[in-house]
Amino acid sequence: MEANRRLNVLERQLCTAQVAEGPELFEAAALSAICPKQLESLLVHDNAELRSAVYDLLKEDIFKPNHYLSLMEFRELTLQRLKRFVTADFNGRGFDVRDYLDDPRRFMALLESLSFCDYSLAIKAGVHFTLCGGTICKLGTAKHHDALLPRLNTLDLPGCFGMTELGHGSNVMGIETAAVYDASSQEFVITTPSNEASKFWIGGCGQHGKICSVFAQLTVNGVWQGPHVFVVRIRDDNGVVSPGVRIKDHGPKMGLNGVDNGQIWFDNVRVPRDALLDRYASVDAAGNYSSPIPTVSARFGTMVGGLTTGRILIGQGAITACMIGTTIALRYAADRPQFGSKLIGDYLTHQRRLLPGLAVTYALQLGMKQLKVAAFDSPRPDPKLVHVLSSGLKAAATWSRVEVLQQCRECCGGMGFLAANKIGPMKTDMDVDVTFEGDNTVMMQQVARALLDDPATARLTQPSTRCERIPLANSPAASAGQLHSLLQAHERCLLLQLRDAMAAAAAASGGGKAAAAAAASAAFEENLDLVVQLGWAHVESRCMGYMLDEARSAPAGAAAGVRVLAQLYGATRIEARLARYLQVGLLNGADAAALRLAVNKACRQLGGGGAAAPALKLCEAFGIPEHLLAAPIAKNWRAIGQSL
């Protein structure tokens, strides 16, 4: 056994020298078959005409970038932009927060379109309409809808969302804000028991908010019922802070300064019994609590279920930023010479830095398309699937945005640092997306936990210590099936390793069920690095699968583009985790060398050729209107500075 192990190690070390060229990821004919218009129809998830109407609105002067504003001026501009948005007519109808439930595709399409203009505008709209308004829609009843939603639609009643506390971010069940029912007055008393319980990072409360959807621990007749949501006035109609409410503006931030975040304290604030959003839980006049959901934990899951829509919007916003960034950087690369007449886009290093991000953008966009199908199109959505996809895609999209925009900024040199070229402001404004609407590390842990809890995982019989190699070396082509199989095998190996570690810990605990569960949980925490890797592996495997599904059913011109990028996506995702593939035996050294050469060749095929580069056709398919690219280097960099 030891001799065989040494031979295997020696083979992995020596066989790289035997690889002269890598396998083809795709044929050159596939590149000429790409049709941007067909691809655009595939990439735009829905409501194409509606989105176009929003883009037309965004041509107005009020939406043009202005990087010279002070903090307070930017906030005021963001508010005025949002007011203009809510007064607009889109194909015969304006924005209506009731679409959160009645037509979620329309609701999402309108808000997603704002990300092409300015992220502060998109987030201020998202907080007001999705977090505040959507929560009222989902958890409230007719009395709340009739009294509040018309005023939310017109922005007459600006809203915010009071979940996060100074001492409680990801641990929402642990929030400390208290709501106690007083039967004598038929009121709830909302209290901030400590400074750590103050509501923190509350978007929209610093200046403009008048109502807040407040999460608080409900106690009725001395019995704790868990977190519930109350609509609380934090300012009156004239903007004066309500009695018992204290608000502190957070002031300047790293970015996103068009949004007025703040901190809120409640000092025995009394709200009427109807302030409780009571679709799933109610308290009658006598103080009797009732709910169709029998347990605190199940009710909690319902109360926070509305976060899914927010996570989809955040993930989609990150993908939109990747579309914009890669389009700007690749256009510039196709026209900017350096060291003579050679274009920077013809250098392999440049292609290697930008083109994997283009493939990732397509993969995430098509993954998001399937998430929306699961969440909005099924008559009976699978809550587990929706939770896993929304959590995983939110984390993958926002983490990928960090990497993609950084590469775009660097590949544009100093021009990438210029605010007018859009990439830099997007980077700083959007850096918050990796931790809000769910910290990404926690999101990936939730993905992994759901996979480990799936009964199918217990039935897997493959040993976690052995993986069968899927060879890439000495092959003329690396098929999509091979690459997808490698991604799936990588996920399976991680899943089995974690499953077996938790099972071994439980078996060694020597106690009953409680001791075994505690030991398994401890093993999970001891392997959190692998847990996050499993979350990534699941998202990557799913996204490539979705790309291949789309390629099989799409028109030829769209299928060609998706298939090309699916191949590059699979290859570069494997390359990024190569150490793990080598460690478990899925690949050997020769395969790794072949993979590198294959990716290099694919990048040269996609990125070379200046204005004729196939990558530009793939960017064209994003359908970004010229007025929303708003970057001089994406148009004519030679003319920069000619006009004042």
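A quick note: this is a predicted structure, and the numbers were derived from the prediction, not measured. (Residues numbered from 1 in each chain as written. Predicted model: local features only at pLDDT ≥ 70, side-chain atom pairs only at ≥ 80, totals over all residues. Heavy atoms only, no water.)

1. A short note on the packing of helix α12 (residues 348–377) against helix α22 (residues 589–607)
Logical step 1: Between α12 and α22, the shortest axis-to-axis distance is 9 Å and the interhelical angle comes to 90°. Considering the angle they form, α12 stands roughly perpendicular to α22. Judged by residue contacts, L348, Q351, R352 and L355 of α12 engage R596, V599, N600, C603, R604, L606 and G607 from α22.
Logical step 2: In terms of residue class, the contact of α12 with α22 is made up of five nonpolar, three polar and three charged. (Axes fitted to C-alpha atoms, helices over the stretch in contact; angles between N-to-C directions. Helix = DSSP H or I, 4+ residues; strand = E, 2+ residues; numbered from the N terminus. Parallel < 35°, antiparallel > 145°, perpendicular 65-115°, else oblique. Contact = heavy atoms within 4.5 Å. Nonpolar A, V, L, I, M, F, W, Y, C, P; charged D, E, K, R; others polar.)

2. Here's the deal with the side chain of T78
Logical step 1: Mapped onto the fold, T78 is located in helix α5 (residues 71–87).
Logical step 2: By relative accessible area, which is 0% here, T78 ends up buried.
Logical step 3: The residues contacting T78, other than those within four sequence positions of it, are S120, L121, K124 and G258. (Buried < 20%, exposed > 50% of the residue type's maximum accessible area, 1.4 Å probe, protein only.)

3. What to know about the packing of aromatic side chains
When we look at a pair of aromatic rings, we describe it by the centre distance and by the angle of the planes.
Logical step 1: Tallied over the entire structure, the rule returns 13 aromatic pairs.
Logical step 2: Their ring planes at 45° and their centres at 5.6 Å tell us that F85 and F90 sit as a pair that is tilted.
Logical step 3: Measuring from centroid to centroid gives 5.6 Å for F85 and F95, while their planes differ by 50°, and the two rings are tilted. With F85 in helix α5 and F95 in the loop between α5 and α6 (99–102), the pair connects residues that are 10 residues apart, well separated along the chain.
Logical step 4: We classify F95 as buried; its relative accessible area is 6%.
Logical step 5: Within the aromatic cluster, the residues linked to one another by ring pairs are F85, F90, F95, Y100, F107 and F129.
Logical step 6: The aromatic ring of F524 is capped on one face by R449, whose charged end is 3.9 Å from the ring centroid. (Phe/Tyr/Trp six-rings, centres within 6.5 Å; stacked < 30°, edge-to-face > 60°. Lys NZ or Arg CZ within 6 Å of the ring centre and 35° of its normal.)

4. Notes on the confidence of the model for the chain
Logical step 1: For the chain, per-residue confidence averages 93 on the pLDDT scale, and residues scoring 70 or more make up 96% of the total.
Logical step 2: Across residues 13–17 the pLDDT falls below 50, and counting only partners more than four positions away or on other chains, this stretch makes six contacts in the model. (pLDDT = per-residue confidence, 0-100.)

5. With respect to the pattern of salt bridges
Logical step 1: Summed over the entire model, instances satisfying the criterion amount to 35 salt bridges.
Logical step 2: A salt bridge links E187 to R270; the nearest nitrogen and oxygen atoms lie 3.0 Å apart. A residue pair is termed long-range when its members are at least 10 positions apart, and E187 in strand β3 (residues 187–191) and R270 in strand β9 (residues 269–272) qualify at 83 residues.
Logical step 3: Using a relative accessible area of 22% as the deciding quantity, one classes E187 as partly exposed.
Logical step 4: Residue R270 is classed as partly exposed on the basis of its relative accessible area of 44%.
Logical step 5: Ionic contacts of the salt-bridge type, sharing partners, join the residues D46, R51, R105, E112, K372 and D377 into one network. (Salt bridge = Lys/Arg side-chain N within 4 Å of Asp/Glu carboxyl O.)

6. Considerations on the layout of surface pockets
Logical step 1: Taken as a whole, the second largest pocket spans an internal volume of roughly 860 Å³.
Logical step 2: The wall of the second largest pocket is formed by 39 residues, among which P65, N66, H67, D118 and P425 lie closest to the centre.
Logical step 3: Listed by contribution, the elements that provide at least two residues to the lining of the second largest pocket are α5, α11 (307–333), α14 (423–430) and α24 (626–629).
Logical step 4: Per-element accounting of the lining of the second largest pocket gives the leading share, six residues, to α14. (1 Å grid on protein atoms, 1.4 Å probe; cavity = no way out; pocket = protein on both sides within 12 Å on 5 of 7 lines; lining within 4 Å. Points joined across faces, edges and corners; volume = space filled by probe spheres on them.)

7. Re unusual backbone geometry
Logical step 1: Phi angles above zero are rare outside glycine, and N47 is one such case at about 50°.
Logical step 2: Positionally, N47 belongs in the loop between α3 (36–43) and α4 (48–57).
Logical step 3: Look at A630: it is not a glycine, yet its phi comes out positive at around 45°.
Logical step 4: Inspection of the secondary structure assignment puts A630 in the segment after α24.

8. With respect to the pairing of β9
Logical step 1: Every second residue of β9 is oriented toward a common face, the buried set being V269 and V271 and the non-buried set R270 and P272.
Logical step 2: Here four bridges tie β3 to β9, and the two strands are oriented antiparallel to one another. Across the sheet, E187 pairs through a bridge with P272, a residue of β9. (Pairing = 2+ DSSP bridges.)

9. Thoughts on the nonpolar core
Logical step 1: Core analysis: the largest hydrophobic core is formed by 165 residues, its most contacted members being F85, F129, L358 and Y362.
Logical step 2: Counting residues per element, this core draws most heavily on α11, at 15 residues.
Logical step 3: Here F129 is in contact with L82, F85, V86, F95, V97, F107, L111, G134, L152 and N153, once residues within four sequence places are set aside.
Logical step 4: Formed by 26 residues, the second largest nonpolar core is a distinct cluster that contains C212, A216, L218 and V271. (Core = buried A, V, L, I, M, F, W, Y, C linked by side-chain atoms within 4.5 Å.)

10. Some words on the sheet that holds strand β8 (residues 262–266)
Logical step 1: As summarised here, the arrangement of the three strands in space is β4-β8-β7, forming an open sheet in which the pairing is antiparallel. Since the sheet does not close on itself, it has two edges, and those belong to β4 (199–202) and β7 (245–249), each with one partner. Averaged over neighbouring strand pairs, the angle between their axes works out to 20° when direction is ignored.
Logical step 2: Pairing of β4 with β8 involves two bridges; the strand directions are antiparallel.

11. Here's the deal with the environment of V232
Logical step 1: Tracing the sequence through the fold places V232 in strand β6 (residues 223–233).
Logical step 2: Accessibility expressed as a relative area gives 1% for V232, which makes it buried.
Logical step 3: In sequence terms V232 and S170 are 62 residues apart; their C-alpha atoms lie 23 Å from each other.
Logical step 4: When sequence neighbours within four positions are dropped, the list of residues in contact with V232 reads I190, K210, I211, C212, V214, F266, V269 and V271.

12. Let's talk about the side chain of D260
Logical step 1: Examined against the element boundaries, D260 turns out to sit in the loop between β7 and β8.
Logical step 2: Taking the relative accessible area as the measure of exposure, D260 reaches 0% and is therefore buried.
Logical step 3: In terms of polar contacts, D260 uses its side chain to reach the side chain of K124, at 2.7 Å.
Logical step 4: The contacts of D260, once residues within four sequence positions are left out, are R75, K124, I202, G203, G204, C205, G206, Q207, H208 and G209. (Polar contact = N/O pair within 3.5 Å; in protein donor to acceptor, adjacent residues only side chain to side chain.)

13. Here's the deal with the environment of M323
Logical step 1: Mapped onto the fold, M323 is located in helix α11.
Logical step 2: On the accessibility criterion, M323 (4% relative accessible area) is buried.
Logical step 3: Residues M323 and V404, spaced 81 residues apart in sequence, show a C-alpha to C-alpha distance of 9.5 Å.

14. Re the packing of helix α13 (residues 383–411) against helix α15 (residues 440–453)
Logical step 1: It is the contact of α13 with α15, at a shortest axis distance of 9 Å, that shows an interaxial angle of 145°. In terms of crossing hand, the pair formed by α13 and α15 is left-handed. Facing K384, H387, V388, S391, G392, K394, A395, A396, T398 and W399 of α13, the residues of α15 in contact are N440, T441, M443, M444, Q446, V447 and A450. (Left-handed = near helix turned anticlockwise from the far one by under 90°.)

15. Looking at helix α9 (residues 142–153)
Logical step 1: Relative to the 16 Å expected for 12 residues at 1.5 Å per residue, α9 spans 16 Å between its end C-alpha atoms, a close match to the ideal helical length.
Logical step 2: All of the buried residues along α9 are H144, H145, L148, L149, L152 and N153. Within α9, the buried residues cover an arc of 130° as seen down the axis, which keeps them to one side.
Logical step 3: Downstream of α9 by one or two residues, L155 has phi in the positive range, about 70°. (Expected span 1.5 Å × (residues − 1). Arc of directions from axis to C-beta.)

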